[in-house]
Amino acid sequence: AFKNDVNFWRKNKSMEGLSMRTIVINASCQLVIFFYLLDNDTSWVVLFSSGVGTLIEFWKVTKACKVEVDRSGRLPKLKFSHRESYEKSNTREYDEIASRYLSYALYPLLLCYA
């Protein structure tokens, strides 16, 4: 599965039809899962597989958006900006609409869970 994922993203030149927000959320979720597995003394095989998956997810984030390090303050900050192909397509607009409607259901569910 890693091979197909890497091949797709290596050849991909346009973000048209791909949600940048989803890619960032997937990378964040994968990182949380990796830390959970690390905390629970999981086997090295599962940790290795999850770690490689996490690295691939963050590599996809760098392919999906421009990531820059801002060193103007005391602590360096990461700045994320949209790729040109994402800005020009209608994908950004649809991504914002879908995220807004999803948040209408997600936030109340999250509050009830907490």
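For the structure, check the block above.
None of the values given here were measured: they were computed from a predicted structure. (Residues numbered from 1 in each chain as written. Predicted model: local features only at pLDDT ≥ 70, side-chain atom pairs only at ≥ 80, totals over all residues. Heavy atoms only, no water.)

What follows is about the pattern of salt bridges. Following the criterion strictly, the structure yields 4 salt bridges and no others. Glu-96 is the salt-bridge partner of Arg-21, the closest N and O atoms lying 4.0 Å from each other. A residue pair is termed long-range when its members are at least 10 positions apart, and Arg-21 in helix H2 (residues 20–39) and Glu-96 in helix H5 (residues 91–113) qualify at 75 residues. Glu-96 gets classed as partly exposed once you look at its relative accessible area, which sits at 35%. (Salt bridge = Lys/Arg side-chain N within 4 Å of Asp/Glu carboxyl O. Helix = DSSP H or I, 4+ residues; strand = E, 2+ residues; numbered from the N terminus. Buried < 20%, exposed > 50% of the residue type's maximum accessible area, 1.4 Å probe, protein only.)

Pairing of strand S1 (residues 65–70) with strand S2 (residues 77–82) involves 6 bridges; the strand directions are antiparallel. By the bridge assignment for S2, Lys-66 is matched with Ser-81. Counted between consecutive antiparallel strands, the loop separating S1 from S2 contains 6 residues. (Pairing = 2+ DSSP bridges.)

With that out of the way, let us pick up the packing of helix H1 (residues 2–11) against helix H3 (residues 44–64). H3 packs onto H1 with a crossing angle of 10° between their chain directions and a minimal axis gap of 11 Å. The pairing of H1 with H3 is recorded here as roughly parallel in orientation. Of the residues in H3, those in contact with Phe-2, Asp-5, Val-6, Trp-9 and Arg-10 of H1 are Ser-49, Val-52, Gly-53, Ile-56, Glu-57, Trp-59, Lys-60, Lys-63 and Ala-64. For the contact of H1 with H3, the per-class residue count stands at 7 nonpolar, 2 polar and 5 charged. (Axes fitted to C-alpha atoms, helices over the stretch in contact; angles between N-to-C directions. Parallel < 35°, antiparallel > 145°, perpendicular 65-115°, else oblique. Contact = heavy atoms within 4.5 Å. Nonpolar A, V, L, I, M, F, W, Y, C, P; charged D, E, K, R; others polar.)

Turning to unusual backbone geometry, a few remarks are in order. For Asp-41, which is not glycine, the phi torsion reads 50° and is therefore positive. Within the fold, Asp-41 resides in the loop between H2 and H3.

Attention shifts here to a nonpolar patch on the surface. A surface patch of nonpolar side chains, about 360 Å² in accessible area, is lined by Val-67, Val-69, Leu-78 and Phe-80. Every element with two or more residues in the nonpolar patch is listed here: S1 and S2. With respect to the helices and strands, the residue Val-69 is situated in strand S1. (Patch = residues over 30% accessible without salt bridge, like charges linked within 9 Å, V, L, I, M, F, W, Y side chains within 5 Å. Areas by Shrake-Rupley, 256 points an atom, 1.4 Å probe, with all protein chains shown as cover.)

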